[in-house]
Amino acid sequence: MIDRLSKNPLALAALALVAALVGAGAFWLFQRAVPGALADTDRARVVAVVRDYILDHPEILLEAQQKLQERQVAAQQSEAGKVVAANAGAILEPFGSAWAGNPKGDVTAVEYFDYNCGYCRASLPAIAQLIASDPKVKVVFRELPILSDESMVAAKLSLAAADQGKFKVFHDALYAGGRLTPASIAAAARAAKLDMARANAFAPRAQAEIATNLELARKMGLTGTPSWVIGDRVVSSALPLEELQKAVAAARTKG
């Protein structure tokens, strides 16, 4: 086939253009593939055409890179969507009272967070504004303690609070207590009036929940906190109110 293309100037130009559009990686593969199919003279001409085109239009390399990134993101979103669909209960359904907003909301926005994450703390106003501005949204909070030992301690107590129906009080008190420390965690537990004997007995269940969250986060390709699952969209980033609202609106449109 390559031999036939080499005899057709238009086809050869198209081949050169395709090689140029997909960038240096394909160009290298082309060089490796051509020697056995074309005479040395023809091969040199084809390589020269491709090289000259790329040098004359270097911007296509950036375009090709952007296109590749778009395809990779689309593929990652598709795979993440499959994980969400296959594990809807473990992702979309709240653990105990670890949720806010409308319990029967038509869109669920899931935040994976770490109490030691500054970006998670900075996201609190946007989450509150989202809930205040949209009476049909439900926000689910999922523990993803990945930053420190204190993160794990706080996450376990947070789940114990959710089990006792006291998640919001604990959640708010812990964030209001400033820097995450053993003292601030203990103070939040007191503010929420947690039954500590019950919380200690609950620890294995909390550990199992955290393990599930970590595993599903890995499968969805989450790269940090906060991360969001809204409809079929998965984002590892803090989102301003406008982006949260756009994501909720898109999920609502898709039904």
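Residues numbered from 1 in each chain as written. Predicted model: local features only at pLDDT ≥ 70, side-chain atom pairs only at ≥ 80, totals over all residues. Heavy atoms only, no water.

Visitor: What am I meant to see in the environment of alanine 189 here?
Guide: Tracing the backbone through its elements, the reader meets alanine 189 in helix H11 (residues 182-191). Measuring from C-alpha to C-alpha, the distance between alanine 189 and alanine 161 comes to 8.0 Å, with 28 residues separating the pair along the chain. Leave out the neighbours within four places in its chain, and alanine 189 touches Leu157, Phe170, Leu194 and Met196. (Helix = DSSP H or I, 4+ residues; strand = E, 2+ residues; numbered from the N terminus. Contact = heavy atoms within 4.5 Å.)

Visitor: I would appreciate a short explanation of the pairing of strand E3 (residues 137-143) in the present structure.
Guide: Within a regular beta strand, the side chains point alternately toward one face of the sheet and then the other, so they alternate between its two faces. The buried count for E3 comes to seven of seven residues, which makes it a mostly enclosed element. Residues Val137, Val139, Phe141 and Glu143 line one face of E3 and the alternating positions Lys138, Val140 and Arg142 line the opposite face, and both faces are buried. Where strand E1 (residues 99-101) and E3 come together, three bridges link them in antiparallel fashion. Opposite glycine 101, over in E3, you have lysine 138 as the bridge partner. Pairing analysis gives seven bridges linking strand E2 (residues 107-113) to E3, with the strands arranged parallel. Paired with phenylalanine 113 across the strands is glutamate 143, a residue of E3. (Buried < 20%, exposed > 50% of the residue type's maximum accessible area, 1.4 Å probe, protein only. Pairing = 2+ DSSP bridges.)

Visitor: In this structure, what is going on with a nonpolar patch on the surface? I would like to understand it.
Guide: Together, Ile146, Leu147 and Leu214 give the surface a local cluster of nonpolar side chains, amounting to about 240 Å² of exposed area. Here leucine 214 lies in helix H12 (residues 196-220). (Patch = residues over 30% accessible without salt bridge, like charges linked within 9 Å, V, L, I, M, F, W, Y side chains within 5 Å. Areas by Shrake-Rupley, 256 points an atom, 1.4 Å probe, with all protein chains shown as cover. Salt bridge = Lys/Arg side-chain N within 4 Å of Asp/Glu carboxyl O.)

Visitor: Help me out: how do you make sense of the packing of helix H9 (residues 149-163) against H11 in this one?
Guide: The angle between the axes and the distance between the axes are what describe a pair of packed helices. Where H9 meets H11, the axes come as close as 10 Å, and the angle between the chain directions of the two elements is 5°. Here H9 is positioned roughly parallel relative to H11, judged by the angle of their axes. Seen from H9, the contacting residues are Glu150, Val153, Ala154 and Leu157; seen from H11, they are Pro182, Ile185 and Ala189. (Axes fitted to C-alpha atoms, helices over the stretch in contact; angles between N-to-C directions. Parallel < 35°, antiparallel > 145°, perpendicular 65-115°, else oblique.)

Visitor: Just checking my understanding: could you explain the pairing of strand E4 (residues 227-230) for this structure?
Guide: Alternating residues of E4 divide into Ser227 and Val229 and Trp228 and Ile230, and every residue in both groups is buried. Of the pairings in the sheet, the one linking E2 to E4 comprises four bridges and is antiparallel in character. Opposite tyrosine 112, over in E4, you have serine 227 as the bridge partner. Bridge count for E4 against strand E5 (residues 233-235) is three bridges, and the pairing is antiparallel. Residue pairing in the sheet places tryptophan 228 in a bridge with valine 235 of E5. Where E4 folds back on E5, the antiparallel hairpin that results is connected by two residues, among which glycine 231 adopts a positive phi of roughly 65°.

Visitor: Sorry if this is basic, but what is going on with the sheet that holds E5 here?
Guide: What links the strands of a sheet is backbone hydrogen bonding, and the strands pair in either a parallel or an antiparallel sense. Spatial ordering of the open sheet is given by E1-E3-E2-E4-E5, a layout of five strands whose pairing is mixed. Pairing within the sheet leaves two strands with one partner each, and these edge strands are E1 and E5. In this sheet, neighbouring strand axes are inclined to one another by 15° on average, regardless of whether the strands run parallel or antiparallel.

Visitor: Which parts of the structure should I look at to understand the packing of H9 against H12?
Guide: Where H9 contacts H12, the axes come no closer than 8 Å and their chain directions differ by 110°. Considering the angle they form, H9 stands roughly perpendicular to H12. Crossing geometry of H9 relative to H12 is assigned as right-handed. Between H9, through Met152, Ala155, Lys156, Leu157, Leu159, Ala160 and Asp163, and H12, the contact on the second element is made entirely by Met196, Arg198, Ala199, Phe202, Ala206, Gln207, Glu209 and Ile210. A breakdown of the residues in the contact of H9 with H12 according to their chemical character gives 10 nonpolar, one polar and four charged. (Left-handed = near helix turned anticlockwise from the far one by under 90°. Nonpolar A, V, L, I, M, F, W, Y, C, P; charged D, E, K, R; others polar.)

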